[in-house]
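Below are the chains, spelled out letter by letter.
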Amino acid sequence: MEKLTLVERVQALEGRLGVTFLRRDLALEALTHKTYANENRDQNLKDNQRLEFLGDAVVDLAVSHRLMDRCPGMPEGELTKMRARIVHEEGLARVARSLRLGELLLLGRGESQSGGRDKNSILADALEAVLGAVYLNGGLEPALALVDRCFSEPLEEVASGAGRLDYKTLLQEMSHEKLKLSPRYRVVAESGPEHSKVFEVEVCIGEVVYARANGRNKKEAEQAAARTTLERLKTAPASAPDTATDGTPTVEVVPEPTTSGVPRDDPPA
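Just so you know, these numbers come straight off a predicted model, no measurement behind them.

Calculation notes
Residues numbered from 1 in each chain as written. Predicted model: local features only at pLDDT ≥ 70, side-chain atom pairs only at ≥ 80, totals over all residues. Heavy atoms only, no water. Salt bridge = Lys/Arg side-chain N within 4 Å of Asp/Glu carboxyl O. Helix = DSSP H or I, 4+ residues; strand = E, 2+ residues; numbered from the N terminus. Buried < 20%, exposed > 50% of the residue type's maximum accessible area, 1.4 Å probe, protein only. Pairing = 2+ DSSP bridges. Axes fitted to C-alpha atoms, helices over the stretch in contact; angles between N-to-C directions. Left-handed = near helix turned anticlockwise from the far one by under 90°. Contact = heavy atoms within 4.5 Å. Nonpolar A, V, L, I, M, F, W, Y, C, P; charged D, E, K, R; others polar. Phe/Tyr/Trp six-rings, centres within 6.5 Å; stacked < 30°, edge-to-face > 60°. Lys NZ or Arg CZ within 6 Å of the ring centre and 35° of its normal. Expected span 1.5 Å × (residues − 1). Arc of directions from axis to C-beta. Core = buried A, V, L, I, M, F, W, Y, C linked by side-chain atoms within 4.5 Å. pLDDT = per-residue confidence, 0-100. Parallel < 35°, antiparallel > 145°, perpendicular 65-115°, else oblique. Polar contact = N/O pair within 3.5 Å; in protein donor to acceptor, adjacent residues only side chain to side chain.

### Some words on the pattern of salt bridges
Phase 1 of the analysis: In the structure shown here, the tally under the stated rule is 18 salt bridges.
Phase 2 of the analysis: Between R66 and D69 there is a salt bridge whose closest N-O contact spans 3.2 Å. Remark: D69 and R66 occur in helix α4 (residues 49-70); sequence separation between them is three residues, near one turn of the helix.
Phase 3 of the analysis: Judged by relative accessible area, D69 falls into the partly exposed class, the value being 47%.
Phase 4 of the analysis: Measuring nitrogen to oxygen at the nearest pair gives 3.5 Å for the salt bridge that ties E190 to K197.
Phase 5 of the analysis: Judged by its relative accessible area of 46%, E190 is partly exposed.

### Here we look at the pairing of strand β1 (residues 183-191)
Phase 1 of the analysis: Relative to strand β2 (residues 198-205), β1 runs antiparallel, the two being bridged by eight bridges. Residue A189 lies in a different strand from β2, and its bridge partner there is E200.
Phase 2 of the analysis: Counting the residues in the hairpin turn of β1 and β2 gives six residues, including G192, whose phi is positive at 90°.

### A look at the packing of helix α5 (residues 76-86) against helix α10 (residues 152-160)
Phase 1 of the analysis: Contact pair α5 / α10: the axes reach a minimum separation of 10 Å and the direction vectors enclose 145°. For the element pair α5 and α10, the recorded crossing hand is right-handed. Where α5 approaches α10, its residues M82, R85 and I86 are matched on the opposing element by P154, L155, V158 and A159.
Phase 2 of the analysis: Class assignment of the residues belonging to the contact of α5 with α10 gives a composition of six nonpolar, no polar and one charged.

### Topic: the packing of aromatic side chains
Two aromatic rings are characterised by how far apart their centres lie and by the angle between their planes.
Phase 1 of the analysis: Applying the stated criterion across every chain, the model contains zero aromatic pairs.
Phase 2 of the analysis: Of note, K168 hangs over the ring of Y185, and the distance from its end group to the ring centre comes to 4.7 Å.

### Some thoughts on helix α1 (residues 6-17)
Phase 1 of the analysis: Between the first and last C-alpha of α1 there are 17 Å, a value that for 12 residues agrees with the 16 Å anticipated at 1.5 Å per step.
Phase 2 of the analysis: Every buried residue of α1 is listed here: R9, V10, L13, E14, R16 and L17. For α1, the buried positions fall inside an angular range of 165° around the axis, keeping them on one side.
Phase 3 of the analysis: Where α1 is buried, its residues touch α2 (24-31), α8 (120-138) and α9 (140-150).
Phase 4 of the analysis: In the segment just after α1, G18 is the residue with positive phi, at about 75°.

### Points about α4
Phase 1 of the analysis: Along its 22 residues, α4 runs 31 Å from first to last C-alpha, staying within 8% of the 32 Å computed at 1.5 Å per residue.
Phase 2 of the analysis: Three or more residues of α4 are buried, namely L51, G55, V58, V59, A62, V63, S64, R66 and L67.
Phase 3 of the analysis: Packing partners of the buried residues in α4 comprise α2, α5, α6 (89-98), α8, α9 and α10.

### Some points on the nonpolar core
Phase 1 of the analysis: Core analysis: the biggest nonpolar cluster contains 51 residues, and L13, L17, L101, L127 and F151 have the highest contact counts within it.
Phase 2 of the analysis: At 10 residues, the largest contribution of residues to this core is made by α8.
Phase 3 of the analysis: The contacts of L17, once residues within four sequence positions are left out, are L99, V130, V134, L146 and R149.
Phase 4 of the analysis: In this structure, Y167, L170, L230 and L233 belong to the second largest nonpolar core, which totals 14 residues.

### Structural notes on the confidence of the model for the protein chain
Predicted coordinates in regions of low pLDDT should not be interpreted in detail.
Phase 1 of the analysis: Residues of the protein chain with pLDDT of at least 70 account for 85%, and the chain-wide mean is 84.
Phase 2 of the analysis: Per-residue pLDDT stays below 50 along residues 239-269; that stretch engages in 58 contacts with residues further than four places along the chain or on separate chains.

### Points about the packing of α6 against α8
Phase 1 of the analysis: Interhelical geometry of α6 versus α8 gives an angle of 75° and a closest axis separation of 8 Å. In terms of their interaxial angle, α6 and α8 are classed as roughly perpendicular. On α8, the residues touching E89, E90, L92, A93, V95, A96 and R97 of α6 are N120, S121, L123, A124, L127 and E128.
Phase 2 of the analysis: Considering only residue class, the contact of α6 with α8 consists of seven nonpolar, two polar and four charged.

### Some thoughts on the environment of N40
Phase 1 of the analysis: Mapped onto the fold, N40 is located in the loop between α3 (34-39) and α4.
Phase 2 of the analysis: Placed 68 residues apart in sequence, N40 and G108 show a C-alpha to C-alpha distance of 8.5 Å.

### With respect to the environment of T229
Phase 1 of the analysis: For T229, the location among the structural elements is in helix α12 (residues 218-235).
Phase 2 of the analysis: A C-alpha to C-alpha distance of 9.1 Å links T229 and C204, two positions 25 residues apart in sequence.
Phase 3 of the analysis: Once residues lying within four places of it in the same chain are set aside, the contact partners of T229 are L171, V203, I205, Y210 and A211.
Phase 4 of the analysis: In terms of polar contacts, T229 uses its side chain to reach the backbone carbonyl oxygen of A225, at 2.9 Å.

Okay, here's the thing in structure tokens:
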């Protein structure tokens, strides 16, 4: 895909979005990362940062619109929380991957070689830029239609309450509110026989590891690690947790096995 011409990239994007760009320069701008524009000044390409700025507002508006449609009577505060469960870096990057957007991006040599096509931050920004381009190309209706298609699953989950009261969701909200960052989860170890594995997961916010926890599957371990991190943010919201000399938290939580796959206690209020 890296050998596609500029025209072929725009055509591929149109096919995946189901949108025809009357101004193809908008589509090309949405796909152009600042590193590529800086390294190829002779091509006179604009990078996608301005479209990203616009697209950030477009996706907020479109998701807010659809949440209001799905949840009549829901108070403003709850709608804001519901939107935050959908519109965040990881969620936007997930949608970008479903469109295989990374392979269409124009990246600088170094960014491309360092795995930039699959970085959450680059993908999320590019998706916002694409939504900004769709809005400028055809107005709000095509942008709403694209959000309906690409965000249908998270919109339905949030509106139905499926994702409303779990530790990962609560941590996502608190982390955004207090630190303006999204938590990231990583499997750091697996042990035990194939039929009875134990997974160890750590949760990071920014560059800080806040907790590690074990579980019988990845989701269980992630929920337990998120639960511990929530407690730490509540007691010390502006400070990082104490760490050992190797950079890992000094306290490690291993939840007791449960039949439901998540800790037994009710989620924190």
